[in-house]
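So the chains spell out like this:
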Amino acid sequence: MTIRVNRRAALGIGTVATAGTVLGAAAPASAAGRPRAAATPAEAAAQVAAGYAQETARAGGNWQAYVSVANGSAAPLVAVADEADRRIEAYSVNKIAVAVAVLDKVDRGLLTLAQRVDVTASIVIPGGDGIFSLDGAYPSSVTLGHALAALLTVSDDTAVRLCGLVCPAAELNQILVAKGFPNTQVQPVANPNRFYLGTSTPRETHDLLRKLVGGTLLSASSTAFLLGLLRSPIAFTDGVRREMSSTERARVATKAGWFDTARHEAGIVFDAAGAPVLTYALFADGQAGAGDFGATHPAVQARARLGRVFLTAVAGLAGVGPAHRAAVQRPSNGG
């Protein structure tokens, strides 16, 4: 197979060289092909950097990313910083930010997860991703908690509009700015309760996730609710979580976004005790197969291989910060 090396892939290779030199850890070109548990955070960061360089070159197209590894009492080690401050269309990855804004209002007593929102025929996005467009019977109503669950697991597009009913675009953006995310913003439209999902940067998406697991973004109950959705068995499994067992998948909270030629994903890997050990924000566009929104898209395949690299590299490391244990969820046979 011919490996295509473009400018961003070269940036990735430069990141590997930096990781190997500055962190004092070897980063052989074959590291991604022979993943192994790292002995130190520096070694894990070097392995992640090597894997990123290899997989992005293989997939081609354009990549922007920011990935860090927990490093004890010190600041996290940056494994990948590839155009990390470029403001780009985040698509459905920004559904995390939408949920954060809604849950911020829940924390302030302005909303409750139990309150109901109306699902009318006019609010349903025909043919959109998710489940509301499949119902075929309107009007109906669901709880706000149900809408958020659909938003973050099956990435329901109509759920975005349901969130807009309780958190208009202007207010949502103000909440995100107040929390320190001026580049993570939805795009308002004429209807104040509707919006496009807007923009972010790899660094801001990464930092939002870090604040979330650090307990400084939302209340403990809202944090647990949000992470429970992103770690659930029905959350996105075509990318980072694809080559993992069900137990391993429960250690990864993730959200993907796909539209036009873009295929994005961001999330957190937890250690066995539930402490965050690796945080990633991976944005990609311009690869072949723009009409393929499945697991065979080159960027999605690259993320699946990177997921295995991430999990293996940090397998022997301890995370840092509050522990977030995954709820035990098993299939049921009804009854």
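Everything that follows concerns the structure shown earlier in this document.
The following refers to the structure shown. From a predicted model like this one, the values you see are computed outputs, not experimental measurements. (Residues numbered from 1 in each chain as written. Predicted model: local features only at pLDDT ≥ 70, side-chain atom pairs only at ≥ 80, totals over all residues. Heavy atoms only, no water.)

1. Some points on the side chain of Gln287
Thought 1: If you trace the backbone, Gln287 turns up in the loop between strand S10 (276-285) and helix H10 (298-313).
Thought 2: Among the residues examined, Gln287 registers a relative accessible area of 6% and is labelled buried.
Thought 3: Engagement of the side chain of Gln287 in a polar contact is seen with the backbone oxygen of Gly60, the distance being 2.9 Å.
Thought 4: From its side chain, Gln287 meets the backbone oxygen of Asp285 in a polar contact 3.3 Å long.
Thought 5: Discounting residues that sit within four places of it in the chain, Gln287 has contacts with Ala59, Gly60, Gly61, Asn62, Trp63, Thr261, His297, Pro298 and Ala299. (Helix = DSSP H or I, 4+ residues; strand = E, 2+ residues; numbered from the N terminus. Buried < 20%, exposed > 50% of the residue type's maximum accessible area, 1.4 Å probe, protein only. Polar contact = N/O pair within 3.5 Å; in protein donor to acceptor, adjacent residues only side chain to side chain. Contact = heavy atoms within 4.5 Å.)

2. Details of the nonpolar core
Thought 1: In this structure, Leu151 and Leu226 are the most contacted members of the largest nonpolar core, which totals 55 residues.
Thought 2: For this core, the element with the most residues is helix H3 (residues 95-107), which contributes 9 residues.
Thought 3: Apart from the residues lying within four places of it in its own chain, the contact partners of Leu151 are Lys95, Val98, Ala99, Asp156, Ala159, Val160, Cys163 and Lys255. (Core = buried A, V, L, I, M, F, W, Y, C linked by side-chain atoms within 4.5 Å.)

3. So, the sheet that holds strand S1 (residues 62-69)
Thought 1: One open sheet accounts for 5 strands, arranged S2-S1-S10-S9-S8; its pairing is antiparallel. In this open sheet, the two strands that pair with only one neighbour each are strand S2 (77-82) and strand S8 (252-259). The sheet shows a mean angle of 5 degrees between the axes of neighbouring strands, direction not considered.
Thought 2: Bridge analysis of S1 against S2 gives 5 bridges, and the strand direction is antiparallel. Paired with Val69 across the bridge in S2 is Leu77. (Pairing = 2+ DSSP bridges. Axes fitted to C-alpha atoms, helices over the stretch in contact; angles between N-to-C directions.)

4. Topic: the packing of aromatic side chains
Thought 1: Enumeration over the complete set of coordinates arrives at 4 aromatic pairs.
Thought 2: When the centroid spacing of 6.3 Å and the interplanar angle of 85 degrees are considered together, the rings of Tyr52 and Trp63 count as edge-to-face. Here Tyr52, found in helix H2 (residues 41-59), pairs with Trp63, found in strand S1; they are 11 residues apart in sequence, far enough to count as distant. Trp63 matches Tyr52 in its accessibility class, with the two residues each being buried.
Thought 3: Ring centres of Tyr280 and Phe310 lie 5.5 Å apart, and the angle between their planes is 40 degrees; this geometry places the pair in the tilted category. One end of the pair, Tyr280, is in strand S10; the other, Phe310, is in helix H10, and 30 residues separate them in sequence.
Thought 4: One cation-aromatic arrangement involves Arg231 over Phe270; the distance from NZ or CZ to the ring centre is 4.0 Å. (Phe/Tyr/Trp six-rings, centres within 6.5 Å; stacked < 30°, edge-to-face > 60°. Lys NZ or Arg CZ within 6 Å of the ring centre and 35° of its normal.)

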